[in-house]
Structures are given as structure tokens and as C-alpha cells.
Number of protein chains: 2
Amino acid sequence: MKKILFSVLCCSTLSAMAQAPSKEVLKYVKPLIGTARMGHTYPGATVPFGSVQLSPETDTIPYEMNGRYNGDVYKYCAGYQYEDQTIVGFSHTHFSGTGHSDLGDFLIMPTQGKLQLNPGTAANPETGYRSKFSHANEVSEAGYYKVKLDENDIIAELTATNRVGVHQYTFNNAGDAHIILDLMSGIYNYKEKNTWTFVRVENDTLITGFRQTNGWARTRTVYFAMVFSKPFKQYGHEKQDRQVYQGFWRKFDQSKNFPEMAGHNIRAYFDFDAKAGEKIKIKFAISPVSTEGAMKNLVAEAPGFDFDQIKEEARASWAKELHKIDVNMVSEDEKTNFYTAMYHSFINPTTYMDVDGQYRGLDMNIHTAKDFTNYTTFSLWDTYRAQHPFLNLVQPTRNADMVKSMLAHFDQSAQKMLPVWSHYANENWCMIGYHAVPVIADAIMKGNAPFNAEKALEACVTTARHRTYDGIGYYMDMGYVPEDKNGSSVSKTLEYAYDDWCIAQVAKKLGKNDIYEEFIKRSQNYKNVWDASIGFMRPRLSDGTFRQKFDPLKTDGQGFIEGNAWNYSLYVPHYPAEMIEMMGGKKQFAQHLDSLFTMHLPDEFFAETEDITRDGIIGNYVHGNEPSHHTVYLYNFTTEPWQAQSRVRMILKKMYRPTPDGLGGNDDCGQMSAWYIFSSLGFYPICPGSQEYQLGSPAVKDAKLKLENGKEFVVEAKNQSDANVYVQKVELNGKVLNRRYITHEEIVNGGKLVFYMSAKPNKRV
Amino acid sequence: MKKILFSVLCCSTLSAMAQAPSKEVLKYVKPLIGTARMGHTYPGATVPFGSVQLSPETDTIPYEMNGRYNGDVYKYCAGYQYEDQTIVGFSHTHFSGTGHSDLGDFLIMPTQGKLQLNPGTAANPETGYRSKFSHANEVSEAGYYKVKLDENDIIAELTATNRVGVHQYTFNNAGDAHIILDLMSGIYNYKEKNTWTFVRVENDTLITGFRQTNGWARTRTVYFAMVFSKPFKQYGHEKQDRQVYQGFWRKFDQSKNFPEMAGHNIRAYFDFDAKAGEKIKIKFAISPVSTEGAMKNLVAEAPGFDFDQIKEEARASWAKELHKIDVNMVSEDEKTNFYTAMYHSFINPTTYMDVDGQYRGLDMNIHTAKDFTNYTTFSLWDTYRAQHPFLNLVQPTRNADMVKSMLAHFDQSAQKMLPVWSHYANENWCMIGYHAVPVIADAIMKGNAPFNAEKALEACVTTARHRTYDGIGYYMDMGYVPEDKNGSSVSKTLEYAYDDWCIAQVAKKLGKNDIYEEFIKRSQNYKNVWDASIGFMRPRLSDGTFRQKFDPLKTDGQGFIEGNAWNYSLYVPHYPAEMIEMMGGKKQFAQHLDSLFTMHLPDEFFAETEDITRDGIIGNYVHGNEPSHHTVYLYNFTTEPWQAQSRVRMILKKMYRPTPDGLGGNDDCGQMSAWYIFSSLGFYPICPGSQEYQLGSPAVKDAKLKLENGKEFVVEAKNQSDANVYVQKVELNGKVLNRRYITHEEIVNGGKLVFYMSAKPNKRV
């Protein structure tokens, strides 16, 4: 074998191939997982952390909803719902798993026969350019998507590089073919989202332009450069706008072969003659900077027009990333869950810069990322919990670059704040807390800080002292957010207190004692919303009293956000032992957790919150949304850690299935998936910013983490089976581990963690 | 005297001052000329060819007109009408003399007392932020504007650098002061013009942002950076938009002290404490590139905050340009006319790039002007006639840069055409012809072509062969534009023919014989719309027949644009002798001209055309609009050149007066003024692209043109008086000139042209 390899090494290309990880692993990636119901994932083509997410749209927000917020927009956060039977087209940008919507830029659709420039309806797809399709004719893989469009028997194939979406349309029937470029289509408020769009036909194969939107991102512009594999015959467009100035029309027939289109609502088409079986390919590069930037991206990433080659490169990039963990599971289905979870956790944050490092910042100026990759799509209220800790462990370089991106965000921010929920250099201020802080603290505390840590601390402190932001002034003055002054006050108080603890840890490490003192004091503020008389965290008013009206089961209007007091009261990840003491001690607390997992929560208590559905609930425990993601591991701080073990395995089974409806809630930019990965490996970071991972019950048979520092960390679960969910004994590097956590250092130093599994709990551990 | 000068020269600053032209000339500049009725000039502050035109707005298009075209918009092309009694505020960009409107970016208004964020109405100014004012308290000079705002006795003063508007507000009463920044205000369709606006409060003195509009320019963005001379106390804004996403409001009180404002319709305010007599100053830089670019411009051009110094620099820049011609006139009023005409002709085209040469091109990408100043605001249907020839003579470097700007436009144009009517890198396709061609040809033919002339010719040819543009295809195939296929067909045919002659001249000079042959043939096309049976140019149909319905007096719908057959039939500037022969010979033609100047044109014949009003008409001769600007000089080609002389002087008197209503029509970016300057000097370029200037009757007593090549050309009119309008004899450099024209070479070689004036015509010349 050695000899053969040696002879192969003579050829450098083959050598690279020989060293490239096997693509076998890709068969365990099913991007369709989470595309039904509330997972909000998309089935299309992307590469790891790629700028382009080229994916089918099965519906758009009804045209008629113009001007009014449409509840259905939530359903279509990722543009695709598995239950739908028509495809409207393929657009280039999509969120993965979010609970709010945007993007859906530059929808492309191939049609034949009569040109129709409206999308038609799901009920009557023949009235527009959309087409029926069937899942039987659909292939969704890492980096590749394929579907047959029934209407004209057109085979659509999609793949991508980081910044270029690549389409291949095979026209099985000869005849007039149209490629529609719909700039009106988009995700969010359909008709009024565009502030402006602009298209230039540069020559008979190259189109450039941009789309500027006011959606979730308030001021967002995406530029493009689009190249056809063969020249179009003719082209044209329709505009739904009132025409302000008529000069253009007087001079030209603007509807046909007029190379400059601009307006709010434009649908363009490009006509071709198609032979039977002919493939028309499109390369579609995007840029946050300019059409010039898009051209640079196109030339750098996709110089040729070999669809299969680009597809194989996309697949290779996935194989490389997924092989950071080699895993064996009890079943193929679980292996599918595992690698699809890795796939989903390696989608976000997304690259946000051109190949030359340029990107548009929050100030709308062009900045250059020097010596780092600039990322965007920071769903931090979700992802600080497990997604960033996971990246901090297996993608430390990228995670440090994400921190650098957050610090660049801070520098550009008019409010001088770190990102809260940011995409495309827009802060949308979604959800609560300042959870860039735990991501930064986690990086610094775990020794992954190739950036100016003091400056990072300063950014954290400045953010945390922003008195006019979301009740922080009250919080600073009173030690809690008063509910009568600022809603969701308990959630805010609890999360601020945790974030403050993170700041204190960094301050201590950097020897900033005054900051440490200030923030370690603030980290105690969770106590200020604890109502011992009822045993729950509870909203307090500015006069110091607890609010009378209160229902600890109800999700809406009780001082919490997307969670009820039962779940949210357990949110003191930085002081679990103290919290448990406060809540009556270990025994009582374990019983409290038991109740949480076993009681029945009637629908009426969460029906008003779209992020929480029956799919994601076990008892009153809400796994489908993030605030409880650490909860099950709190058993470790009681006398009953075996309950963490069994319940973790139960959650893994119930909340993750290898089917389109397999996710119990929004994947939330990888957080739900990262929970799966950590918990399957047998450990979970309940408190990012600390060194500790709580041990649970691994679902893997074995797993090898191949770390960037060259070390390997192996997890083995002896006697693993679906029944053997309890841990009898844990050994780290051959020595029995007499604690319920491992440290980050222990992992990154490499070694082996062995769990001895059994069907019965070991109550002495 | 010599000694004193020598001692002063020790100090370089004083030396520069010693050499600087006297500012005495500035007293002859009255920017208010043309601000009443249809002149469409503005009274505010600008520097020669400056990017910023900081000027008061006396009204805006009524708010209620939302969505509908408002006729009044024409009246307010420059934002100011002399008859108005209130000032709404001071905005930073204005057209000078145009017949279509746009701009009016970034309106600023100082107020005191109760904060009112709406402009109020002219009838009830107290209901909004506008103020009454009086012309008695108004000073309008080159580079400086001052007015007292009656409502709170605030003295507003304005000056400018090329890219920075500078405001100085003196609050005569102590108390709360507000500076309002209205991003909704604008010229054109008031409410729907903004596609997006964006404001960032960077710190307590610096604001940045941009305004993006869809007005006459379809896709235009202007960025700004605004600095206060003292920190504001607080600030806020109101937004008239529907709020799409509420996240912002939940987290912050966005209305007050929230540093990021974005939307379609925003009015911001900044509050100060003002002591009695306190001056609050503002520097407001603009950029076509970015707020970063605006900051660069601000720092480079206005580093300090000394209003008076900046004002003196603005005045010095005007003095320098105006001293390119030293002139003596019969009266002070005429000298005012002359220098105000020079002032108006040195406003456009305007600089369109940042101090570092960057600008946003037609493709919306950022380009850099290498080794030239990039200009915009090309009202070419107007300005190719005399404005560009005037610049080609007295500002040859700038004029060549303007040609380079047009060639850059061509390179960026999606249609591959030279500019028609272009501003801010937007082609608005206003009016007819491809009159960048005569500007380029005039530069090349007169030896002012420091650019690639072959490439320029190619751009001209490509433009002239653009078959889908405005009837050119028909014109190329049939030799005329058929009226049934494309309106204003006679005007187009005639103007294309002239432009084609220009191309032929350049082709000949560059030895491109095939191009010469093609276009010299096309230059004869004027004959194809000549109806000998009625003695007028007349619209022809695609079947070759002349259209039956025809009225040679009527302006509207007769195959012409902004002119009737009486005026437009004389438009063959490249072949005047041939045209006169065609029209019956010299004698008959002179009588025809007599009729034109003396007949009565009833209002009904032009009332539908807003560019032609009674103010601009003499008989049936329309001086207030451009098509006839060469007409009076056609007498030179008859046996009665003395009629040109007397009528030129009559036009100078009637159409130009040193009063706000002193212009007989839109100044049209300097064209009307350039006519005045040339005609006052005694010669006029009826056919740009040729070397010849037709001699008329000078109105100057003497004039010295100080040319860029260091040569001086002196015009002297002996026995000059209002009565002595006839030229008895002309001497060039002491020798009698026995022809009715002088050549460009004769002027630029320097020398002296002496007219001997008399009250009686010399019919033997």
C-alpha cells in the first residue's frame, strides 16, 4: 500500500486527491432534514460557511398581502416547505433554520413555451412560471440539488462555490426556452421589500446588477454578476412600478432588448432556443460590495463552465469539513442525524466579503478584512450556547475570525455595540441579551484569541454599559430590569447576568480588576428576580415589588421571551450550584426537573409564540427553542446525574429524526444541531466562557475529533446501544474520571474518553 | 511700487494674494438674475464648476401632490422663485437654469422655539419650520448668500468649496435652537422621490449618511458628512414611513438620540442652546461615492471652521475665473449682465468626483478619474451651441476634461452611447440628438484634444449608429425620421444631420475616409424634410409623403420639439449658404428672417410648451429657447449682414436685464449666458465643429480675453454706444477684415479685433 501511494504522489493533483477525505461521508448528509414544519432549513446547494445558498423556493408571500405583515412569512423563513407541491424558482440567499425571515435574492426559473412573467399560484401553477414537482424526482445533497420541473420536463441542477451559485438546466424538450430572473421575488414582505433594483445587460451572456432591500435587514444591497453558458437570442423585462419619468420610454422600446433596467419591481427574461436535451448553465456570483466585486468573485471561484467539476469541488469541501469528526453510531439513521447536524452547523455564520476581502460595513462604506475572513449571519441569542462553542472546538480559526468579524461590527456600529442579531452588516436587534460577549469570552477563556483581547473586552464592556439599550440602564441602576419599564424583563435580567459573568471572567484573566468587580457583582443579579415565595423567577416592577399577575406556565406576557417561568427560571448557567441551593437544594431541584420533563403543558400556554410548537416539547420542557438547552445537564448538579443521561438520550431520539420533519424546532443557524453533536458525543458546554463541558450520555459508539492543532480526541462508548443509556464509569486517557465534566484543555490536548454504558443507572457516580 | 511689491513677495501667502486677481469684478455678479419667472437660476453659493450648490429653497412641491406629476415642479427647477416670500431651508444641490428638475438634496433649516418637523405652507409659514424673509434682507453674491429669516431673526449665511457647503447661522435671540436636516425635501416628485435615506450620528458634532433617489436621474445616490461647529445637546428624528420591522423600536427609543436613522422619509433635528448673537456653523460635504469619500472631501477642502476665510476663498476662485475676460461696457448694468453671464456659464458642467478622483459611474461601480476632472450635468442639446464652444475657448483644459468625462460615460454606458442629458452618472435621455458629438468635434477641430481622438470618433460613430435609439434606424435607412414612426421627426432629422456633419469633419481630420463618406452623406439629410412647396421643413411619413396636417406657426405636434417650423426650418448650421439657396436665395431669405423677427406670434401657438414663454419671444423669433440661437447670424449669409448687427444688439437688450426677471428663458446650464457673452464680444459660433465665429455687433467697449495659452485677444469697439449698433469696419491686428467671420486660430493666436461702430449700417460690407 505504501508503494502504491508513493507512486501516486508523483502527480500533485492525484496526491491532493489521495489526501482528500473520502466523500463517502456525504451520503449521511440529508439537507432535507428540517425542511418540513418548523426546522426552517433549506434543501439547496451551499458550501461550508458559504455566501451563496442556492435553493428552491416553494412559495413566496402572497402578492395580495402587499403592505401587511403576513404570518405565513414565518413558515417560509428558508423559502421551502416540504409539503408544497410547486417550485417557484431558485434563489441565491437563504437563512438556515432562523425564526425570522429575509433574503431570497435573485430568483431564477427556467420555463418553456408561452412566456409568463408572474409566478402563478400554488393551486394553479400553470397560470405562472412556477412548476409542479415531486419529491420522487428530487435529490438534495451536500453541495448539490436536483429536481425535475414537471411543467416542461426541465431538469434543474444546482451547485455552488462560496460566492457563486451554479445552475444547470436540461431542457428535455426542444423549443423556446426562457430563463426568468425575478427581482421582485424575495423572502419577507414580498411587494414592498425592494427599495431598488438595477440590472445591466453587459453583453449577450453577461448580466450585472443589484438588489437593495428594506426587510429584516434595514439597508441591505446584494450585487450580482450572472453569466450564461450560451448567448441569449433576446431579452426583456416587465416593471410593476409607476414610472416617474418618461424620458426612457420616449427614446427606446424599453421592454425589449433594452440593456438597463431599474425600479422597485422588475421581472426580466432571457430567451434561448433549446435543443432536446440541451443544457443551459448559469453562473451567478454575488457580492456585498459592487457588481465589479461580483465579477471578481466569479472569475476567481468559477472560471470554467464544467458543472460537474464545480459540484465535485463543493462536495469535496463538505467532505473535508465533515471529516473533522469521524463517528460510528448505533444506526445509519443516527449517523445521518449526526452528519446532517454537522452540515447544518457548518452553514452559519456565512462568509461576508469578496475574494479580495472587501465588504460593505454597517456604515455602508467599503471595508477590507485584513488577515481574516469576515462573517455575517450572527443569530447570537441562539448560537452562543452550543454552536459557537462547537466551532470554537472544531473550527477554532473560523470561530476566531467570527469574533474578529464581531469586533469589526463593533467598530462600525453607530451605537457602539457588539452584534445582537446581525446579517449583511445590518443589526436587526432581534431577541435579547448581548450574547456576542459569551462567544468572545469563550474564545478568550479557551485560549483561542488571535485578536486583541483587551480591545475585545472593551467592546464587551461598552456594549454591556449601553444604558439606553433594552433596559440596561435600569438593570445597572436597580440590579434587574423592571417589567413596567421594559418587557421580557426576567429573561433580560437573567441573560444579562450570565453575559456579565463572562465579562468578569475575561477581565480577571486580563487582570482588569475594576471591570471584574463591576461585572462579577452584576452576574449575581439573577437573584433579584427570584421570588422565593413561589419558587420561580418572576417579573419585578420598578417599585421593587413582584408583579401580581403571573402565570409560571404561560409563555406570553409573563416577563419572559419565548419561554415560560418553568423553563426560564432555570437560566443561571454560570452559577448552577448556587441556583439549585436557592431553589431548595439538590433533591428538591431534581424533583422540580422531573416535573418539568413529565408534566403536561396544554397548548394554550404557548400557542401565541411561534417559536414554540408541540413538536419541540417534552412535558413542559421546550427543546424546540433555546432557553432550555442547558437544562437537562442541570441534573449533574443534583444527586441524580443519571437522569441527565437518560433524558439526553430521550431528547436525542425524540427531537432529531432523519426525516424532513425531523427537527423539533428551528435549527437556528446550527444551534439545534450543535446541541445534537455535543450531546451525542457525551458532553455539553452549559456555560460558554467556562472551561467545563458537562458529561451526559454519548449516543455515538465512537467518535474521533480531529482538531486543528493536529491532536485527536477520541470518544468511545463501550456497550453502546439504544437501551444502554446510563453511564457506569468514565475513563479519561485510561484513568477513571471522578467528576461529571471534562475541561476544554483535556479535549484539545488530545486523548481518549471512554464511557462504559449500561441499561441501569449507576447511582453512586 | 516695484519695491513695495518686492518686499511683499517675501511672504509666499501674501505673494499669492498679490498675484490673485482683484475681487472688484465680483460686484458685477448678481446671482439673483434669472431667479424670477423662467430663468431657473438659483441665488445661493457655489464655486466655479463646483459639486455643491448651496441655495435657499422657497418652496417645494406640495406634499399633497404625492404620486402625481405636478406642473409646478417646472417652476421650481432651481428650488427658488423670486416672487416667493418664505424660505423653506437651504439645500446642497441645484441645477442652474434647466428645463427639467431634480436634486435639492439635504435641506437644512435653523429654527428656534417649538420644534416643528414639517415645512409648513407658504401661506402659513408659522405652521412649520419655514420662515418669512424679505429681499431687503438678502445678499446674493458669487460664492456667498445671506438672508435674514424673519421668524426668529436668524441670519443665515452660506458659502462653499467645490464639495463642501458651509453654513453660518447667527441666532440673534438666545434660546433653544434647532437645526433641521430634512431628507424628505427635494426637487422633483416630492414624496416618492426617495428610494432610501440613511443617517448616522457618528458623534456629537459629526453626522454622515446618504440619500438615494429615483427622480429625473433614475438611480442617484449622494453621500454626505456634516460637521457642527459645536456639539449638539440632543437630537432626534421623525419618519413618515410604514415601519416594516419593529425590532428597532422594541430595543431603543429610536425617535430621540438614536444614532442610526434609515427610511424613505426622514426629518432629523439637532438641538443646541444658543446665546444671543451666537453663530452655529455647519460644514456639509457631499460625495458621489461614500460617506468616507465625503469625509475625505471635507478634510481636504474645509479643514477649519473660519466661515469668512472659506467665503473669501470662494470669492477668490470666482475672481480668478471671471478675470479670464476683462471687459468694459457702456453701462454698469451691461457689465453686470456680462459678468453674471460668465458666472452662470462657469457653473455647469459640475465636478463629479471626490478629491481623490473617485466617482460612481453609470454602472454604479466606483471609478477613478485618472489625470482629469470628471464632470457631470451635461445639458447637451442646449450647451453644445455656445456654452461648450465658450468653455473650449476660455476654459480649454476644463472643456477637454468634460470631453474625457463624456468618453468615460460612453465606456460605462450599457447602451454604448455618449451622453444625451446626463447628471450624476445617470442618462435621462432628455431632448434629442447626439450632441456630445459637436462638443467633441469642436474640441478636436479646434485643436483642444488631449485625449484619444480616434477613440472619441469611434464613440461618436457608435452613438450615431445606434439604430434602436430615437428613430436613428429609420433615419439611417430612409434619410429622415418618419413622423409616423417617431415624433419630433423633423427636429431629429435636422439635428442628426448637423451632428453627422461634425462626425464627418473629425473623420476627415483623422483620415478615416469611409467614416467621412458615410457621415458627410448623412449630413445632407436636412434636404429630405424640406417641403419646397410651402417653404418650410415639414414632417414626412414613412411612405415618403409629407404629413398633410401641418401648421408652421404651431409649436406642438408639428414634427418639431420646443419650436415651430418658422424657427426650426432654419436649423442647418453646417450648410447655411446651401440652405439659403434652397430657401430661395439671399434676398428672399433676408426677407424671411425679417418676417420672423417682426411678425406676431399669438400665445396659442406656443402655450403648450413650457420652455417657450412670451418673455423669450421677439416677433416669432424665440430666443428663450435654444433652436434659434444661431438664427440672427444667418443674416451674415445674405446681402444684409447689418441686420444681424442691429438685431443682435436688440436681443442683448431685450432678453438680458440685470434684474431677477432678466432672463428671457431658462439659462439652460449656461447656454443662454454663453450666447450673451459671445454676442457681446461681437462674434458667435453658429456651427461648433467649424473654425468660424460669425461676426455680429459687439456690445462691449473693449474686452481682453486672457487665454490659457498665455496669449491675449482684445476686442475693441470704437465709438461704442447704445445707438451705434452698426459695424462700419473691422480690423484684425490692424488690417481690415473683409469677411464676416473670424477663425478660432485668429483668436487663440492672440491679437486685437477692432470694430468701428456707427448708428448707420454700412451696406457695402
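Residues numbered from 1 in each chain as written. Chains lettered and ligands numbered in written order. Predicted model: local features only at pLDDT ≥ 70, side-chain atom pairs only at ≥ 80, totals over all residues. Heavy atoms only, no water.

Caption draft 1: Quick peek at the sheet that holds strand S9 (residues 164–171) of chain A. Residue and element names in this part refer to chain A. If you walk across this open sheet you meet the nine strands as S6-S7-S8-S9-S17-S13-S12-S11-S15, and the pairing is antiparallel. Where the open sheet ends on each side, the last strands, each with one partner, are strand S6 (138–141) and strand S15 (260–263). Strand-to-strand, the axes of this sheet are offset by a mean angle of 15°, without reference to chain direction. Judged from the seven bridges that link them, strand S11 (residues 194–201) and strand S12 (residues 206–213) form a sheet pairing that is antiparallel. Its bridge partner being in S12, tryptophan 196 is matched across the sheet by glutamine 212. In this fold helix H6 (residues 307–322) packs onto S6, strand S7 (144–149), strand S8 (154–160), S9 and strand S17 (278–287), with an angle of close to 45° to the strand it touches most, S8. (Pairing = 2+ DSSP bridges. Helix = DSSP H or I, 4+ residues; strand = E, 2+ residues; numbered from the N terminus. Axes fitted to C-alpha atoms, helices over the stretch in contact; angles between N-to-C directions. Contact = heavy atoms within 4.5 Å.)

Caption draft 2: Just helix H19 (residues 641–655) of chain A, in detail. All names here are of chain A. Compared with an ideal rise of 1.5 Å per residue, which puts 15 residues at 21 Å, H19 spans 21 Å between its outermost C-alpha atoms and is within 8% of the ideal. Counting buried positions along H19 yields 12 of 15 residues, so the element is predominantly enclosed. For H19, every residue scored as buried is listed here: Pro641, Trp642, Gln643, Ala644, Gln645, Ser646, Arg647, Val648, Arg649, Ile651, Leu652 and Met655. Against helix H18 (586–598), strand S28 (617–618), strand S29 (621–622), helix H20 (671–681), strand S34 (726–732) and strand S37 (751–758) lie the buried residues of H19. (Expected span 1.5 Å × (residues − 1). Buried < 20%, exposed > 50% of the residue type's maximum accessible area, 1.4 Å probe, protein only.)

Caption draft 3: A look at the pattern of salt bridges. All names here are of chain A. Taken as a whole and judged by the stated rule, the model has 83 salt bridges over all chains. Put simply, glutamate 454 and lysine 512 hold a salt bridge, and the shortest N to O gap is 3.1 Å. Placement of glutamate 454 in helix H12 (residues 453–464) and of lysine 512 in the loop between helix H14 (489–509) and helix H15 (513–522) is noted, with a sequence separation of 58 residues between them. With a relative accessible area of 27%, lysine 512 lands in the partly exposed category. Overlapping salt bridges bring together Lys23, Glu141, Glu312 and Arg315 as one network. (Salt bridge = Lys/Arg side-chain N within 4 Å of Asp/Glu carboxyl O.)

Caption draft 4: Just the relation of the copies chain B and chain A, in detail. When chain B is fitted onto chain A, the two copies agree to an RMSD of 0.1 Å after a turn of 180° and an axial shift of 0.1 Å. Look at the turn and shift together and you get a two-fold axis relating the two. Rotation axis and chain B: the residue whose C-alpha lies nearest the axis is Thr195(B), separated from it by 2.8 Å. The residues that chain B uses at the interface reappear at the interface of chain A in 98% of cases, marking a shared surface. (Least-squares fit on C-alpha atoms with pLDDT ≥ 70 in both.)

Caption draft 5: Just the packing of aromatic side chains, in detail. Considering all chains together, one arrives at 100 aromatic pairs over all chains under this definition. Look at Phe228(A) and Phe232(A): their rings are 6.4 Å apart centre to centre, the planes differ by 90°, and that puts the pair in the edge-to-face class. By relative accessible area, Phe232(A) is classed as buried at 10%. On the numbers, 5.1 Å between centres and 5° between planes, the contact of Tyr633(B) with Tyr684(B) is stacked. With Tyr633(B) in the loop between strand S29 (621–622) and helix H19 (641–655) and Tyr684(B) in strand S30 (residues 683–684), this residue pair connects regions lying 51 residues apart in the sequence. (Phe/Tyr/Trp six-rings, centres within 6.5 Å; stacked < 30°, edge-to-face > 60°.)

Caption draft 6: Focus on the side chain of Asn162(A). All names here are of chain A. Structurally, asparagine 162 is set in the loop between S8 and S9. A polar atom in the side chain of asparagine 162 sits 3.2 Å from the side chain of threonine 351. Leaving out residues up to four positions away in the same chain, asparagine 162 has contacts with Val47, Phe49, Gly50, Ser51, Val52, Glu301 and Thr351. (Polar contact = N/O pair within 3.5 Å; in protein donor to acceptor, adjacent residues only side chain to side chain.)

Caption draft 7: Just the pairing of S12(A), in detail. Residue and element names in this part refer to chain A. Judged by how many residues are buried, S12 sits mostly within the fold: eight of eight residues are covered. Neither face of S12 is left uncovered, since the one carrying Leu206, Thr208, Phe210 and Gln212 and the one carrying Ile207, Gly209, Arg211 and Thr213 both have all their residues buried. Adjacent in sequence and paired antiparallel, S11 and S12 are bridged by four residues. Pairing geometry for S12 and strand S13 (residues 220–228), over eight bridges, is antiparallel. Of the residues in S13, the one forming a bridge with threonine 213 is arginine 220. The loop that links S12 with its antiparallel partner S13 comprises six residues.

Caption draft 8: Here's a closer look at helix H11 (residues 436–445) of chain A. Residue and element names in this part refer to chain A. Of all 10 residues in H11, 10 are buried, a share of seventy percent or more. Of all the positions in H11, only Ala436, Val437, Pro438, Val439, Ile440, Ala441, Asp442, Ala443, Ile444 and Met445 are classed as buried. The inward-facing, buried residues of H11 abut helix H8 (380–383), helix H9 (387–394), helix H10 (396–412), H12 and H14. Glycine 447 sits one or two positions beyond H11 and adopts a positive phi of about 75°.

Caption draft 9: Up close: the interface of chain B and chain A. Counting residues at the interface gives 56 residues for chain B, matched by 55 residues for chain A. Roughly 4,800 Å² of surface becomes buried between chain B and chain A when both sides are summed, with 49% attributable to carbon and sulfur atoms. Counting across the chain B and chain A interface gives two salt bridges. A salt bridge links Asp470(A) to Lys251(B), with the nearest nitrogen and oxygen atoms 3.0 Å apart. Our count for the contact surface shared by chain B and chain A stands at 19 residue pairs in polar contact (both at pLDDT 80 or more). Elements with a contribution of two residues or more to the side of chain B that touches chain A: strand S11 (194–201), strand S12 (206–213), helix H4 (247–251), strand S15 (260–263) and helix H5 (291–301) of chain B. (Buried area = accessible area lost by both parts, 1.4 Å probe.)

Caption draft 10: The arrangement of the environment of Met650(B) in detail. Summarising the element assignment, Met650(B) is placed in helix H19. For Met650(B), a relative accessible area of 22% puts it in the partly exposed group.

Caption draft 11: Structural detail: the UniProt feature "domain: Glycosyl hydrolase family" (unreviewed entry) in chain A. Within this structure's numbering, the places UniProt gives as "domain: Glycosyl hydrolase family" (unreviewed entry) are residues 294–758 of chain A. The straight-line gap between the two end C-alpha atoms of residues 294–758 of chain A is 56 Å; of that span, 39% is helix and 15% is strand. (UniProt positions renumbered as here; feature names shortened; annotations may be inferred.)

Caption draft 12: Spotlight on the packing of H10(A) against H11(A). Residues and elements named next belong to chain A. Packing of H10 against H11 brings their axes to within 10 Å, and their N-to-C directions diverge by 135°. Relative to H11, H10 is oriented oblique. H10 and H11 meet at a crossing whose hand is left-handed. In this structure, H10 contributes Asn399, Val403, Met406 and Leu407 to the contact, and H11 contributes Ala436, Val439, Ile440 and Ala443. Across the contact of H10 with H11, the residue classes tally to seven nonpolar, one polar and no charged. (Parallel < 35°, antiparallel > 145°, perpendicular 65-115°, else oblique. Left-handed = near helix turned anticlockwise from the far one by under 90°. Nonpolar A, V, L, I, M, F, W, Y, C, P; charged D, E, K, R; others polar.)

Caption draft 13: Structural detail: the pairing of strand S6 (residues 138–141) of chain B. Residue and element names in this part refer to chain B. Only one face of S6 is buried, namely the one carrying Glu138 and Ser140, since none of Val139 and Glu141 on the opposite face is buried. Across four bridges, the pairing between S6 and strand S7 (residues 144–149) is antiparallel. Counterpart to serine 140 in the pairing with S7 is tyrosine 145. Adjacent in sequence and paired antiparallel, S6 and S7 are bridged by two residues, among which glycine 143 carries a positive phi angle near 80°.

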